[in-house]
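Here's the letter readout for the chains.
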Amino acid sequence: MFLPIRKILLFVSVLVFTPYSLAFDFKQCSEDHCVKTFKDFKKYSKKGHPSAMEALGNFYIVGYGTDKDPSRALRMFKKAAKWNQATAQYKAGLMYISQATDDKPSKGISYLKKAAKNKIYDAAYVLGVVYLEGEIVEKDYDEAREWLTLASENNMSRASYLLAKMYDSQLFGAEHQDKSIAYYNKAAYKIEAARERLTELNLPMPPGSDQDIERIVVTPQDLQHFFIDQLQILRNTPSPKVGTGSRVSGQTCAKMMSCNALVGEDAQRLHTEMQRAIGMLIASKFRIE
């Protein structure tokens, strides 16, 4: 009835992140400037900056300025995740459930839930798929609906389509089947299968078009300039105090200067989108289609 989880996870990378991934080429690099960038971020990671920790995780995955090392990458994402850095939580969760580590895939669930609650709605979509398919955790349609609804409410067409399929397949009873129509309509702008199903049901297409949807466009920086700007901020940001042996909570990216190359909401959005795009490229390194 539904696609296998690995196929659906592939949609996360291809459909959600593609516009940003095309803005730069983040790949294995052993050139001097890459090695220097890696060493610079490593210095600030040791000082306790979570954004530098997450950057190191990125570098270890693709082999940027260092050798590829998924185990170290996961370790750095987990360290950054302790600071409530949502994009790092998402990457750690993806690594677990995509079996890039020898640990149990189910360990990724808690990281994905934290990321979803921190407004990384791609994580909510992945959680919905995980509970829908039941390959990693026990199948739970109600839990799947909860996470997919969160993703759908935040304009993820793929989540809206899966919700439509769930209702249309009477997973929640025949009396709720009609709820699928609203979700098919919501997904129709992006998902051809949703439009086809509306046609099968002899229902009109939703008014307007995808071009009518209001968007906030963030233009990504060149990757190297992104790193340079991040390092400049790190140089001018006091190292956060890290309690020995304790988990640090409440220090979100928005509260820490080291997360922002600019200021305000636009800077936060840019940082998040760049890290999500990097996350897509990272995920492609270990995901099995």
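This one's a predicted model, so the numbers in the text were calculated from it and none came from an experiment. (Residues numbered from 1 in each chain as written. Predicted model: local features only at pLDDT ≥ 70, side-chain atom pairs only at ≥ 80, totals over all residues. Heavy atoms only, no water.)

Draft legend 1. Local environment of the overall build of the chain. Scanning the chain from terminus to terminus reveals 13 helices and zero strands. In sequence order, the chain lays out its α and β elements as α-α-α-α-α-α-α-α-α-α-α-α-α. The proportion of buried residues among the 289 residues of the chain is 51%. When contacts within the chain are restricted to residue pairs at least 6 apart in sequence, long-range pairs at least 24 apart make up 62% of them. Here the chain displays about 14,300 Å² of accessible surface, and carbon together with sulfur accounts for 49% of that area. (Helix = DSSP H or I, 4+ residues; strand = E, 2+ residues; numbered from the N terminus. Buried < 20%, exposed > 50% of the residue type's maximum accessible area, 1.4 Å probe, protein only. Contact = heavy atoms within 4.5 Å. Areas by Shrake-Rupley, 256 points an atom, 1.4 Å probe, with all protein chains shown as cover.)

Draft legend 2. Highlighting unusual backbone geometry. Backbone geometry at Asn-84 places phi at a positive 70°, although glycine is not the residue there. Structurally, the position occupied by Asn-84 is in the loop between α4 (70-81) and α5 (86-97). The class for Asn-84 is partly exposed, based on a relative accessible area of 22%. Residue Asn-155 is not a glycine yet carries a positive backbone phi of 65°. On the secondary structure map, Asn-155 appears in the loop between α8 (141-153) and α9 (157-168).

Draft legend 3. Just the layout of surface pockets, in detail. If you add up the space inside the second largest pocket, you get close to 210 Å³. What lines the second largest pocket is Lys-42, Ser-45, Lys-46, Lys-47, Gly-48, Met-53, Leu-56, Tyr-60, Arg-72, Arg-75, Met-76 and Lys-79. Broken down by secondary-structure element, the contributors of at least two residues to the lining of the second largest pocket are α2 (32-46), α3 (50-62) and α4. The element best represented in the lining of the second largest pocket is α4, accounting for four residues. (1 Å grid on protein atoms, 1.4 Å probe; cavity = no way out; pocket = protein on both sides within 12 Å on 5 of 7 lines; lining within 4 Å. Points joined across faces, edges and corners; volume = space filled by probe spheres on them.)

Draft legend 4. Region of the structure containing the state of the cysteines. Summed over the entire model, instances satisfying the criterion amount to one disulfide. Note on cysteine connectivity: Cys-29 is disulfide-linked to Cys-34, with sulfurs 2.0 Å apart. Looking along the S-S bond of the Cys-29-Cys-34 disulfide, the torsion reads about 80°, which is the right-handed sense. (Disulfide = S-S within 2.5 Å.)

Draft legend 5. Structural view of the packing of aromatic side chains. Per the stated rule, a full pass over the model turns up 11 aromatic pairs. Ring centres of Phe-59 and Tyr-64 lie 5.2 Å apart, and the angle between their planes is 25°; this geometry places the pair in the stacked category. Judged on exposure class, the residue Phe-59 and its partner Tyr-64 are both buried. The lysine or arginine in question, Lys-114, covers the ring of Tyr-111, its NZ or CZ lying 5.7 Å from the ring centre. For Arg-145, the ring lying beneath its charged end belongs to Phe-172, and the centroid distance is 3.9 Å. (Phe/Tyr/Trp six-rings, centres within 6.5 Å; stacked < 30°, edge-to-face > 60°. Lys NZ or Arg CZ within 6 Å of the ring centre and 35° of its normal.)

Draft legend 6. Expanded view of the packing of helix α6 (residues 108-117) against helix α7 (residues 121-133). Between α6 and α7, the shortest axis-to-axis distance is 7 Å and the interhelical angle comes to 140°. By the angle between their axes, α6 is oblique relative to α7. The two elements α6 and α7 meet at a crossing, and its hand is left-handed. Of the residues in α7, those touching α6 at Ile-109, Leu-112, Lys-113, Ala-115 and Ala-116 are Tyr-121, Ala-123, Ala-124, Val-126, Leu-127, Val-130 and Tyr-131. Classifying every residue of the contact of α6 with α7 by side-chain character gives 11 nonpolar, no polar and one charged. (Axes fitted to C-alpha atoms, helices over the stretch in contact; angles between N-to-C directions. Parallel < 35°, antiparallel > 145°, perpendicular 65-115°, else oblique. Left-handed = near helix turned anticlockwise from the far one by under 90°. Nonpolar A, V, L, I, M, F, W, Y, C, P; charged D, E, K, R; others polar.)

Draft legend 7. Structural context of the nonpolar core. By size, the foremost hydrophobic cluster in this structure holds 40 residues, and its most contacted members are Tyr-90 and Tyr-125. Those elements giving two or more residues to this core turn out to be α5, α6, α7, α8, α9, α10 (179-187) and α11 (192-200). In this structure, Ala-80, Ala-81, Ala-92 and Tyr-96 belong to the second largest nonpolar core, which totals 32 residues. (Core = buried A, V, L, I, M, F, W, Y, C linked by side-chain atoms within 4.5 Å.)

Draft legend 8. Looking closely at the pattern of salt bridges. On inspection of all chains with the given rule, the structure shows eight salt bridges. Two residues, Lys-36 and Asp-40, come together in a salt bridge whose shortest N-O distance is 3.0 Å. Remark: Asp-40 and Lys-36 occur in helix α2; sequence separation between them is four residues, near one turn of the helix. Here Arg-197 ties to Asp-168 by a salt bridge, and the two come within 2.7 Å at their closest N and O atoms. Pair noted here: Arg-197 is in helix α11 and Asp-168 is in helix α9, with a separation of 29 residues, a long-range link. Under the relative-accessibility criterion, Arg-197 is labelled partly exposed at 22%. (Salt bridge = Lys/Arg side-chain N within 4 Å of Asp/Glu carboxyl O.)

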